[in-house]
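As a plain string of letters, each chain reads:
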Amino acid sequence: METINLNKVPDSVKNIPSDEFQLLDASTSKERERIVAPSLNFIQDSWRRLKKNKAAVISLAILIVIIIISIGSIWVSPHDPTKQNVAYINLPPKIPGLDGIDGLNGKAVVAGQVVDKYAQAKVPEGTNFYFGTDGLGRDVLSRLMMGTRVSLLIAFIAAILDITIGVTYGLISGLLGGRVDTVMQRILEVLSGIPNLVVMILMLTVFDPGILSIVLAMVVTNWISMARIVRAQTLKLKDQEFVLAAQTLGESRLKIAIKHILPNISSIIIVQMMFSIPSAIFFEAFLSFIGLGLRPPTASLGTLLNEGYKTFRFLPYLMWIPAATLSVIMICFNLLADGLRDALDPKMKE
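Keep in mind the model is a prediction, meaning the values are calculated, not measured.

(A) How the structure looks around the overall build of the chain. A count of helices and strands for the chain gives 15 helices and two strands. The proportion of buried residues among the 350 residues of the chain is 37%. Here the contacts in the chain between residues at least 6 apart in sequence split such that 73% fall between residues at least 24 apart. Surface accessibility of the chain: about 20,800 Å² in total, with carbon and sulfur atoms responsible for 64%.

Okay, here's the thing in structure tokens:
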């Protein structure tokens, strides 16, 4: 037992009566050493860190609202998005309760005079087009909901196919290695040198313009980045001790890939998928804007932009509304991807 040198004890402690000293109870000692923080698994800990990123949480909430509205518009829509009404062409936006705000009161300036376009078109009382109508009398809000739904559908399909093909290709290439890896990487180099626009034009010679041709054009080359990332992570993990132990125990490469490597790179796959979704949305909008994508009356953000820019000087809302929607969706996906990257990366732990 270690002895205490009384010469080193402060005088303030020496003067305390001995009856005031109390032995530390064993239960009190255990209570002090008890871990108060709850035990969290990987998903709970990632969600805890993600909630601290306000931009990512707000972006997630906005995206959820947009997705719910776009899907719900299949059954509940202000008007038929494809129905034409030549009597109601080019009506400005009109929102009830905002009659005093120019641009949202259904009035427009014609030859220097303010004209009530709804009264001229003899629109029934109570019928409002919140975002106005286009050159064929179709409701812009209803077409915006339909266009957002189609663009998101194309983006999610392309992202799922990218994950399926890219992850499988990268795992096979990284695990097998050797000549198989060399041949597979040379194939990737050849495919990466083909521009997406050229692939899209070739697809149009085989398929009619539509969702199928756009998705196939994306799938041909968009999965390459995913495959390279998965291959690099697989090469780094397959020499780790837990993988070598699994090999020693006689597990097959398929089990090693599914049980050991794939769970450890799942966070990287999720982040890469979140970055690929806005890229797919922009690619679809670009193709539809230049006339190589969807065809009317099917609406997408790209077709709405294509229709709106032609009359931008006279009817700016036809272009501003889909452009703002496209910008918000892409910004939210990128902010959410940044937040997920910080939350899922073990190196970013506090």
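Having put the structure on the table, let's press on.
(B) Expanded view of the nonpolar core. Counting residues in each nonpolar core, the largest one holds 46 residues, and the members touching the most others are I154, I214, M218, I281, I329, F333 and L340. Within the residue set of this core, elements represented by two or more residues are helix 4 (54-72), helix 6 (140-176), helix 8 (196-206), helix 9 (211-222), helix 13 (266-289), helix 14 (301-308) and helix 15 (317-344). Looking at which element gives the most residues to this core, the answer is helix 15, with 12 residues. Excluding residues within four positions of it along the chain, I329 makes contact with L63, I66, T148, L152, I281 and L301. V243, A246, A257 and I265 belong to the second-largest nonpolar core, a separate cluster that totals 13 residues.

(C) Here's a closer look at helix 14. Burial within helix 14 is extensive, with seven of its eight residues counted as buried. L301, G302, T303, L304, L305, N306 and G308 are the residues of helix 14 that are buried. In this structure, the buried residues of helix 14 make contact with helix 6, helix 13 and helix 15.

(D) Main features of the pattern of salt bridges. Taken as a whole and assessed by the stated rule, the structure comprises eight salt bridges. The closest approach of N and O atoms between R143 and D134, which form a salt bridge, is 3.9 Å. Taking relative accessible area as the criterion, R143 reaches 1% and is therefore assigned buried. On the basis of relative accessible area, D134 is assigned to the buried category, the value being 6%.

Conventions used here
- Residues numbered from 1 in each chain as written.
- Predicted model: local features only at pLDDT ≥ 70, side-chain atom pairs only at ≥ 80, totals over all residues.
- Heavy atoms only, no water.
- Helix = DSSP H or I, 4+ residues; strand = E, 2+ residues; numbered from the N terminus.
- Buried < 20%, exposed > 50% of the residue type's maximum accessible area, 1.4 Å probe, protein only.
- Contact = heavy atoms within 4.5 Å.
- Areas by Shrake-Rupley, 256 points an atom, 1.4 Å probe, with all protein chains shown as cover.
- Core = buried A, V, L, I, M, F, W, Y, C linked by side-chain atoms within 4.5 Å.
- Salt bridge = Lys/Arg side-chain N within 4 Å of Asp/Glu carboxyl O.

By themselves, these figures tell us nothing about what the structure is for.
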